[in-house]
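Coordinate inspection notes
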Amino acid sequence: MMLLPSLRFVVSCGCRNAGRGFNQSQRTHLRQWVPKRGQTTSTITAEAGAVHAASVTSVTVPNAATNRIVGKWLVGCSGLVLGAVVLGGVTRLTESGLSMVDWHLVKEMKPPQSQAEWEAEFSKYQQFPEFKIMNHDMTLTEFKFIFYMEWGHRMWGRLVGLAYILPTAYFWRKGYFTRSMKGRVLGLCGFVFFQGLLGWYMVKSGLEEKPESHDIPRVSQYRLASHLGSALLLYCASLWTGLTLMCSPDQLIETRRLAQLRRFAKGTGGLVFLTALSGAFVAGLDAGLVYNSFPKMGERWIPDDLLAFSPSIKNVFENPTTVQFDHRILAVSSLAAITGLYFYSRRVHLPRRAKIAISCLTAMAYTQVALGISTLLLYVPTPLAATHQSGSVALLSLAIWVLAELRKVAK
């Protein structure tokens, strides 16, 4: 009987002692584990934060802010291209384009400095058809004027190239371009280089001896149209891309009328581009100096020598009468299309900015037609002709603005 109480006492004492040992051991381990756990948790949190920050950075570049920067850059580049087009038109009107008979990418950036250098450059010019046939009595002072006109045009072209290439390298390194935008800017830079080569290819056509021709020396109208057309394509692509990056589109309510208006605007823009391009053939053939009357050409609506060349298709590109006639038809068609676009747009619910763009396009179309008629009636004075050529690019710019405002937003 005494054995059972004794065993009970021993067991209870052992359990209490074991409990004390376990509690002390547990507290010791807890004191060591809690700081390590806090340190590990903070380390993991910091690493996770760094990964999150890196992922956010990679996601947010490019973003809306960088897109606006790239857009402003491309719009600025398009402005430089516009300046090159205008300067090229003035160079053509002043008959200065054949004054520089060599082409060097770097060497020609420095114009002649001394009297001996000027005389050497003038001597080179005297060996080519334009001097022999047209300017055989030209003085050195007069030569300096046409030389500086062409030199300025070429230097502006090099400025355009730098304005595209250097920022492209910078923005590429900063990660401002998406994959699709990388392809676009590479295409634009390549097009600038191609444009320079095409310009020299055009000039060479005016330096060639043509014993079988009795016409005054001039560049090929085909090469002139190609040079202008490529410049206009570069301008349109840069301006369109820049505007779409800079200006957030309005959420237009998609309706059948809006879809028709969008197609109408695209067709009108294409017609404006074609009209501007036809102006290169007018300039290349001096077609503005024939039939200086409007609306009739001389005494007739359709002149007798409209199809004087054989085969007939040759008249479209080489007959000055036909070239002027085609330019008139295209200009009147563009004016009619823009007027129709304006009235049709009044039947569609559009944001205020889109309405302003269409109104500006319409006003510019009537201004451009008035400039063209005045240039023709006054026998192509250089200031007015240069204004008319600039007006064609302004009209094209407004057509692109309209298309940018009406563009369909991807969902």
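Residues numbered from 1 in each chain as written. Predicted model: local features only at pLDDT ≥ 70, side-chain atom pairs only at ≥ 80, totals over all residues. Heavy atoms only, no water.

Remarks on the overall build of the chain
Tallying secondary structure elements over the chain gives 12 helices and 0 strands in all. Counting from the amino terminus, the chain carries its helices and strands in the arrangement α-α-α-α-α-α-α-α-α-α-α-α. Counting over 411 residues, the chain shows a buried share of 38%. Contacts in the chain between residues at least 24 apart in sequence constitute 78% of all its contacts with a sequence separation of at least 6. Within the structure as shown, the chain displays about 23400 Å² of accessible surface, and the carbon and sulfur contribution to it stands at 66%. (Helix = DSSP H or I, 4+ residues; strand = E, 2+ residues; numbered from the N terminus. Buried < 20%, exposed > 50% of the residue type's maximum accessible area, 1.4 Å probe, protein only. Contact = heavy atoms within 4.5 Å. Areas by Shrake-Rupley, 256 points an atom, 1.4 Å probe, with all protein chains shown as cover.)

With respect to a nonpolar patch on the surface
Taken together, the side chains of Tyr 222, Ile 313, Val 316 and Phe 317 make up a nonpolar region of the molecular surface, amounting to roughly 340 Å² of accessible area. By the element assignment, Phe 317 lies in helix 9 (residues 314-318). For Phe 317, a relative accessible area of 31% corresponds to the partly exposed category. (Patch = residues over 30% accessible without salt bridge, like charges linked within 9 Å, V, L, I, M, F, W, Y side chains within 5 Å. Salt bridge = Lys/Arg side-chain N within 4 Å of Asp/Glu carboxyl O.)

Concerning the confidence of the model for the chain
Summarising the model, the chain shows a mean pLDDT of 85, and 83% of its residues fall at 70 or more. Ignoring residues within four places in sequence, the model shows residues 1-48, a span with pLDDT below 50, making 0 contacts including any to other chains. (pLDDT = per-residue confidence, 0-100.)

Observations concerning the packing of aromatic side chains
All chains considered together, the criterion is met by 22 aromatic pairs. Pairing Tyr 222 with Phe 281 gives two aromatic rings, centres 6.1 Å apart and planes at 85°, and the pair type is edge-to-face. Taken together, the residues span a long stretch of sequence, with Tyr 222 in helix 7 (residues 221-246) and Phe 281 in helix 8 (residues 256-284) at a distance of 59 residues. On the basis of relative accessibility, which here comes to 36%, the residue Tyr 222 falls in the partly exposed class. A cation over a ring is seen here: Arg 223 above Tyr 201, with NZ or CZ 3.7 Å from the ring centre. (Phe/Tyr/Trp six-rings, centres within 6.5 Å; stacked < 30°, edge-to-face > 60°. Lys NZ or Arg CZ within 6 Å of the ring centre and 35° of its normal.)

Here we look at the nonpolar core
With 53 residues, the main nonpolar core has Val 70, Trp 73, Tyr 164, Leu 350 and Leu 361 as its most contacted residues. Sorting the residues of this core by element identifies helix 2 (64-93), helix 5 (140-174), helix 6 (179-207), helix 7, helix 8, helix 10 (320-345), helix 11 (352-377) and helix 12 (382-406) as the ones contributing at least two each. If you tally residues by element for this core, the top one is helix 12, at 9 residues. Contacts of Trp 73, omitting those with residues within four sequence positions, involve Ala 163, Tyr 164, Pro 167, Thr 168, Phe 171, Phe 177 and Val 185. Counting residues in hydrophobic clusters, the runner-up holds 15 residues, among them Val 203, Val 219, Leu 224 and Phe 281. (Core = buried A, V, L, I, M, F, W, Y, C linked by side-chain atoms within 4.5 Å.)

Observations regarding the packing of helix 7 against helix 8
As a packed pair, helix 7 and helix 8 sit with axes 8 Å apart at the nearest point and diverge in direction by 150°. When the interaxial angle is binned, helix 7 and helix 8 end up roughly antiparallel. In the packing of helix 7 onto helix 8, the handedness of the crossing is right-handed. Within the contact between the two elements, helix 7 uses Gln 221, Tyr 222, Leu 224, Ala 225, Leu 228, Gly 229, Leu 232, Leu 233 and Cys 236 and helix 8 uses Phe 273, Ala 276, Leu 277, Ala 280, Phe 281, Ala 283 and Gly 284. When grouped by side-chain class, the residues that make up the contact of helix 7 with helix 8 number 13 nonpolar, 3 polar and no charged. (Axes fitted to C-alpha atoms, helices over the stretch in contact; angles between N-to-C directions. Parallel < 35°, antiparallel > 145°, perpendicular 65-115°, else oblique. Left-handed = near helix turned anticlockwise from the far one by under 90°. Nonpolar A, V, L, I, M, F, W, Y, C, P; charged D, E, K, R; others polar.)

Notes on helix 7
An α-helical turn contains 3.6 residues, so a residue and the one three or four places further along point in the same direction. End to end, helix 7 covers 37 Å across 26 residues, agreeing with the expected 38 Å (1.5 Å per residue, within 8%). Helix 7 sits mainly inside the fold: 19 of its 26 residues count as buried. One side-chain oxygen at the N-terminal end of helix 7 lies 3.2 Å from the backbone nitrogen of Tyr 222; it belongs to Ser 220. (Expected span 1.5 Å × (residues − 1). Polar contact = N/O pair within 3.5 Å; in protein donor to acceptor, adjacent residues only side chain to side chain.)

Notes on the pattern of salt bridges
Under the counting rule described, the total for this entry stands at 9 salt bridges. Ionic pairing is found between Arg 154 and Glu 150, a salt bridge with its closest N-O pair at 2.9 Å. You can see Arg 154 and its partner Glu 150 sitting in helix 5, 4 residues apart, about one turn around the helix. We note that Arg 154, like Glu 150, is buried.

Observations regarding the side chain of Thr 168
Within the element layout of this structure, Thr 168 appears in helix 5. A distance of 2.5 Å separates a polar atom in the side chain of Thr 168 from the backbone oxygen of Tyr 164. In contact with Thr 168, not counting residues within four places along its chain, are Trp 73, Phe 177, Val 185 and Cys 189.

Looking at unusual backbone geometry
Omega for the bond connecting Phe 294 with Pro 295 falls within 30 degrees of zero, at 5°, which places this linkage in the cis form. Inspection of the secondary structure puts Pro 295 in the loop between helix 8 and helix 9. Ser 310 connects to Pro 311 through a cis peptide bond whose omega is 0°. Along the chain, Pro 311 turns up in the loop between helix 8 and helix 9. Backbone geometry at Tyr 291 places phi at a positive 50°, although glycine is not the residue there. Its location among the elements puts Tyr 291 in the loop between helix 8 and helix 9.

Focus: the environment of Arg 346
For Arg 346, the position within the fold is in the loop between helix 10 and helix 11. According to the relative accessible area criterion, Arg 346 is partly exposed, its value standing at 40%. For the pair formed by Arg 346 and Ile 358, sequence separation is 12 residues and the distance between their alpha carbons is 10.0 Å. Not counting the four nearest positions on each side in its chain, Arg 346 is found in contact with Lys 355 and Ser 359. At a separation of 3.3 Å, a polar atom in the side chain of Arg 346 contacts the side chain of Ser 359.

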